[in-house]
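Residue strings, one per chain:
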Amino acid sequence: MLRSPRLHMLLFLLILVITACSNEGSGEQTKEKEDPEEKQDQEFDYPEAARDAEGIIEQGPGELVQFIQDIEDVESIDIEEMDKKLTDEVKSLPDDLSADQAYDFIIAKSALSYKELAKEYDDFDPTYKSPSERQEKEKKKNIVFLLDSSGSMAGQVNGGVKMDLAKSALNRVLGNLDPTTKIALRVYGHKGSSDDKDKKVSCDSSETVYALNSYDEGTFQDALKEFKPSGWTPIATSLQLAQDDFNGATGDDVENIIYVISDGVETCDGDPVAAAKEIHESDLNVIVNVIGFNVDTKGQKQLKETADAGGGEYKDVNSKADLNNTLEEMIGDAKKGIDKDINEAKAGIDINTWYLDQNSKLRKIHDDFIGVTRKEFKLFNTYVDGLYDHGKLKEGAYTELTDLIDERMEIMEEYSRERKDTLMEETEASHKKAREELEKKKQG
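Residues numbered from 1 in each chain as written. Predicted model: local features only at pLDDT ≥ 70, side-chain atom pairs only at ≥ 80, totals over all residues. Heavy atoms only, no water.

Caption draft 1: The arrangement of the packing of aromatic side chains in detail. For the structure shown, the criterion picks out nine aromatic pairs. A centroid spacing of 6.1 Å and a plane angle of 35° characterise the contact between Y121 and F369, whose relative ring orientation is tilted. You can see Y121 sitting in helix α7 (residues 115-123) and its partner F369 sitting in helix α17 (residues 349-389), a full 248 residues away along the chain. You can call Y121 buried: its relative accessible area is 1%. These aromatic residues form a ring-pair network of at least three members: Y114, Y121, F369 and Y415. Taking NZ or CZ as reference, K167 lies 4.5 Å from the ring centre of F227, over its face. (Phe/Tyr/Trp six-rings, centres within 6.5 Å; stacked < 30°, edge-to-face > 60°. Helix = DSSP H or I, 4+ residues; strand = E, 2+ residues; numbered from the N terminus. Buried < 20%, exposed > 50% of the residue type's maximum accessible area, 1.4 Å probe, protein only. Lys NZ or Arg CZ within 6 Å of the ring centre and 35° of its normal.)

Caption draft 2: Layout of a negative patch on the surface. Together, E207, D216, E217, D222 and E226 line one region of the surface with negative charge. Its place among the elements puts E217 in helix α11 (residues 217-224). Residue classification places E217 among the exposed residues on the basis of a relative accessible area of 52%. (Patch = residues over 30% accessible without salt bridge, like charges linked within 9 Å, V, L, I, M, F, W, Y side chains within 5 Å. Areas by Shrake-Rupley, 256 points an atom, 1.4 Å probe, with all protein chains shown as cover. Salt bridge = Lys/Arg side-chain N within 4 Å of Asp/Glu carboxyl O. Lys, Arg positive; Asp, Glu negative; His and termini not counted. Charge placed at Lys NZ, Arg CZ, Asp CG, Glu CD.)

Caption draft 3: Here's a closer look at the state of the cysteines. In total, this model carries one disulfide according to the counting rule given. In this model, C203 is linked to C268 through a disulfide, with the two sulfur atoms separated by 2.0 Å. Around the S-S axis, the bridge from C203 to C268 shows a dihedral of about -85° and counts as left-handed. Taken together, the residues C203 in helix α10 (residues 199-203) and C268 in the loop between β6 (254-262) and α13 (272-280) connect sequence positions 65 residues apart. By relative accessible area, C203 is classed as buried at 11%. Take C268: its relative accessible area is 14%, and that puts it in the buried class. (Disulfide = S-S within 2.5 Å.)

Caption draft 4: Looking closely at the pairing of strand β8 (residues 311-317). Here strand β7 (residues 287-293) pairs with β8 via five bridges, running parallel. Looking at β8, one finds that V288 is bridged to G311. As for the winding sense of the linkage, the β-α-β connection from β7 through helix α14 (residues 297-309) to β8 is right-handed. (Pairing = 2+ DSSP bridges. Right-handed = clockwise from strand over helix to strand, strands pointing away.)

Caption draft 5: Fine view of unusual backbone geometry. In this structure, D96 is a non-glycine residue whose phi angle is positive, near 60°. Locating D96 in the fold gives a position in the loop between α5 (79-92) and α6 (99-110). Of note in this structure, N285 is not a glycine but carries a positive phi near 50°. With respect to the helices, strands and loops of the structure, N285 is situated in the loop between α13 and β7.

Caption draft 6: Geometry of the nonpolar core. Of all hydrophobic cores here, the largest spans 38 residues; its most connected members are Y103, I106, Y114, F369, L387, L401 and M412. Only α3 (53-59), α6, α7, α17 and α18 (397-443) provide two or more residues apiece to this core. The leading source of residues in this core is α17, at nine residues. Non-local contacts of L401, meaning those with residues more than four positions away in its chain, are made with A99, A102, Y103, I106, V384, L387 and L393. Core analysis: the next-biggest nonpolar cluster, separate from the first, contains 32 residues, L185, V187, Y259 and F293 among them. (Core = buried A, V, L, I, M, F, W, Y, C linked by side-chain atoms within 4.5 Å. Contact = heavy atoms within 4.5 Å.)

Right, dumping it as structure tokens:
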């Protein structure tokens, strides 16, 4: 039976369409078979995870746990909530991930931070230091003395001339200071006279005679010879100029202190209360203490207000014994610290207490470290299960991936153990040395 031309044409077009569709499908399959890894790489772009302790510490936390700032935050992680956040990203990953690819993904998303704990090991000091040495490390003291050299300081009190007693008391106390404490001496009112005609020259006289440095008896004695009681009393000006005496020493490890020794009120039209407030609130954060030497009621009021404004304290003295005792009490803290070292060291109390504290600190750092590794391990395995459940892992990759996670935990725990053990050995050696030195002191 003959077919019509129209039927022949329809059959021809149908064959063309089927052939074209077949070729197109075949082409896509061929392309995918030819380069499947290239297609996967285009969809998977995560940095390679570190495999050693130093690299793991440096690499830092994953992007989903950036909120963790310290060890306490680790306990706040809600693994179920983290799993929900990760589900969409897991679904979007290509299939047939290798163990290395899956591991890189998990680390990039959910690795915890070890930096803070590693820094605690870095900052740990295994060397024993006496109480005064530890205090000095915390605060470096700079002390500036403002000594009144006005004419009234030539007056007598019980024990002698006020100026002579002040110089003697300073020498006595400073000789017992910790040698790391720096001091300076500024005098005021030491020029001109108490006459009105000399008021300007006297009120302008405020001079540093011993620049900020550790105490040197000979040099300090020479400085004390350079002035004698003479004129008026420019306390405010001296407080303002004293800012330069600290040489810009600021910071949390610095303690700046002024001791004003005066036998009267400001007589140069200045405002010592405002000046004390200004230097106290400056970047130097100076504490202004005032010793009133045989001062009347009016003088006591102004000098106490000056000390209050400067964040310090006011002491009133009226004799040689009062001055010596007050300076010893206010300035002699460093000496007391040294005495305390000797007394405690003789009994071995401080050495043993330090040793126990150091061991306790190291154990806590290590325990915290292990806490992070275990939390991270649990977190990682939740994501491994998620990848497996969504069919994202290549055959055999599940076991390899869990091995990588086990290895990471072992690496970090071994890192912590080694650092703890090394620091404990150094602490033990320092403890032993301190005890031996103590025994030598007892025998000597």
